[in-house]
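Topology and contacts: notes
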Amino acid sequence: MATRADTVGDLLRDWRARRRLSQLDLAGEAEVSTRHLSFVESGRSAPSRELLLRLAEPLALPLRERNRLLLAAGFAPVYGERVIDAPDMAAARDVVEAVLNGHSPFPALAVDRHWNLVLANDAARALLASVDATLLTPPVNVLRVSLHPDGLAPMIVNIAEWRHHLLSRLRDEADGSADPVLARLHDELRAIPIPAGLRPPSFPSPVAVPLTLRDTATGRLLSFISTTTVFGTATDVTLAELTLESFYPADDDTRRAILGDA
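Numbering of residues starts from 1 in every chain and runs along the sequence as written. Side-chain atom pairs in this predicted model are given and counted only at pLDDT of 80 or more, local residue features only at pLDDT of at least 70, and totals for whole chains, interfaces and linings cover all residues. Excluding hydrogens and water, the side-chain figures rest on all heavy atoms present in the structure.

**Observations regarding the environment of R144**
In DSSP terms, a helix is any run of H or I states spanning at least four residues, a strand is any run of E spanning at least two, and both are numbered starting from the N terminus. Structurally, R144 is set in helix α8 (residues 142-147). When the C-alpha positions of R144 and L185 are compared, they lie 8.4 Å apart, and in sequence the two are 41 residues distant. Whether two residues touch is decided by their heavy atoms; if any such pair falls within 4.5 Å, the residues are in contact. For R144, the residues in contact, after removing those within four places along its chain, are L135, L185, E188 and L189.

**Some details on the pairing of strand β5 (residues 243-249)**
Under the scheme applied here, a residue whose accessible area is under 20% of the maximum for its type counts as buried, over 50% as exposed, and between as partly exposed, the area being computed with a 1.4 Å probe on protein chains only. Here β5 lies mainly inside the structure; 6 of its 7 residues are buried. When DSSP finds at least two bridges between two strands, those strands are taken to pair. Strand direction decides the pairing type here: strand β1 (residues 108-111) and β5, joined by 4 bridges, are antiparallel. Directly across from V111, in β5, lies its bridge partner T243. As paired strands, strand β4 (residues 221-230) and β5 are joined by 7 bridges and run antiparallel to one another. Its bridge partner being in β5, T227 is matched across the sheet by S246.

**Focus: the packing of helix α1 (residues 8-19) against helix α3 (residues 34-42)**
Orientation is described by axes fitted as lines to C-alpha atoms, over the contacting stretch for helices, and by angles from 0 to 180 degrees between their N-to-C directions. Interaxial distance between α1 and α3 falls to 6 Å at its minimum, and their mutual angle equals 120°. Contacts between α1 and α3 involve V8, G9, L12, R13 and R16 on the former and, on the latter, L37, V40, E41 and S42. Looking at the contact of α1 with α3 residue by residue, the classes come out as 4 nonpolar, 2 polar and 3 charged. Each residue gets one label: Ala, Val, Leu, Ile, Met, Phe, Trp, Tyr, Cys and Pro are nonpolar, Asp, Glu, Lys and Arg are charged, and the others, such as Gly, are polar.

**Section: the pairing of β4**
By the bridge criterion, 4 bridges tie strand β3 (residues 211-214) to β4 in an arrangement that is antiparallel. By the bridge assignment for β4, L213 is matched with L222. Here β3 folds back onto β4, and the loop between the two strands holds 6 residues, one of which, G219, carries a positive phi near 80°.

**Regarding the pattern of salt bridges**
For this analysis, a salt bridge means a side-chain nitrogen from Lys or Arg found within 4 Å of a carboxyl oxygen belonging to Asp or Glu. Applying the stated criterion across every chain, the model contains 18 salt bridges. As a salt-bridge pair, R13 and D10 come within 2.4 Å of each other at their nearest N and O atoms. Remark: D10 and R13 occur in helix α1; sequence separation between them is 3 residues, near one turn of the helix. Under the relative-accessibility criterion, R13 is labelled partly exposed at 33%. Here the salt bridges do not stand alone but share partners, grouping R64, E81, R113, D179 and E241 into one network.

**Let's talk about the packing of aromatic side chains**
Think of it this way: a Phe, Tyr or Trp ring, Trp meaning its six-membered ring, pairs with another when their centres are within 6.5 Å, and the plane angle makes it stacked under 30 degrees, edge-to-face over 60, tilted otherwise. All told, the structure shown has 0 aromatic pairs when counted by the stated rule. A ring is scored as having a charge over it whenever the NZ atom of a lysine or the CZ atom of an arginine sits within 6 Å of its centre and within 35 degrees of its normal. For the cation-ring pair, R44 lies above F39, with the distance from its terminal atom to the ring centre recorded as 4.0 Å.

**Overview of the packing of helix α4 (residues 49-56) against helix α5 (residues 63-72)**
Their axes nearest at 10 Å, the elements α4 and α5 cross at an angle of 145°. Crossing of α4 over α5 shows right-handed handedness. Taken together, the residues of α5 that come into contact with α4 (itself represented by R49, L52, L53 and A56) are R66, L69 and L70. Grouping the constituent residues of the contact of α4 with α5 by class yields 5 nonpolar, no polar and 2 charged. The sense of a crossing depends on the near helix, which, turned anticlockwise from the far helix by less than a right angle, makes the crossing left-handed and, turned clockwise, makes it right-handed.

**A short note on the confidence of the model for the protein**
A residue-level look at the protein finds 93% of positions with pLDDT of 70 or above and a mean pLDDT of 92. You can read pLDDT as the predictor saying how much it trusts each residue, on a scale of 0 to 100. Across the protein, element-level confidence peaks in β1 with a mean pLDDT of 98 and bottoms out in helix α9 (residues 159-177) with 93.

If you want it as structure tokens, here you go:
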């Protein structure tokens, strides 16, 4: 991952490269002249706050990075960043808790931009019962818990396939966000060995990559497929970076086992 830049011009060039946009492409999308954009990137012209926010749209900059771009130009950040427990985040937290609790008895959890656990329903917390306590010391990183040999990895039947899925997703997120923490997390998790002879399948699963666990109490297989939910209209950095991961039964046996119909 490239070294993160500090000037407006360097930031714009870095993000243009990540999004594979030329100056002409970005200028056209932002409805500004290529000459003016060139002057901004070279430091020959000081951009307005409005121009920077307009350039941020086609670059699909995360809100955190939009604030960073504004700060580099000498402007105050536009997007607030509150903790999830802040009084004015109460409505958003209520929504998150309603979604998680409403998903019971199936597992669901909320994570921040670095995959640290923020909230979880009872079913998700039950899955962590067999995880070593050292991995549950806050902040609890759910990807580390998933792939670590002292975490859920021994319970995951398709660990090679699941590991490949998680690492591919994490690498894409690290590249797309320019977040060095995600890049380091990817390298850390990639270095965790898996049992010899285990490799992801040559062909992808026909519908979605499942998370298949063996229940340590009953020996029964539980298979889940997951969905990801984000706040589409968030203007707060914390809320924009919050992701809800919900797990649904991938087959009738899993559904019956969890609902007690078997």
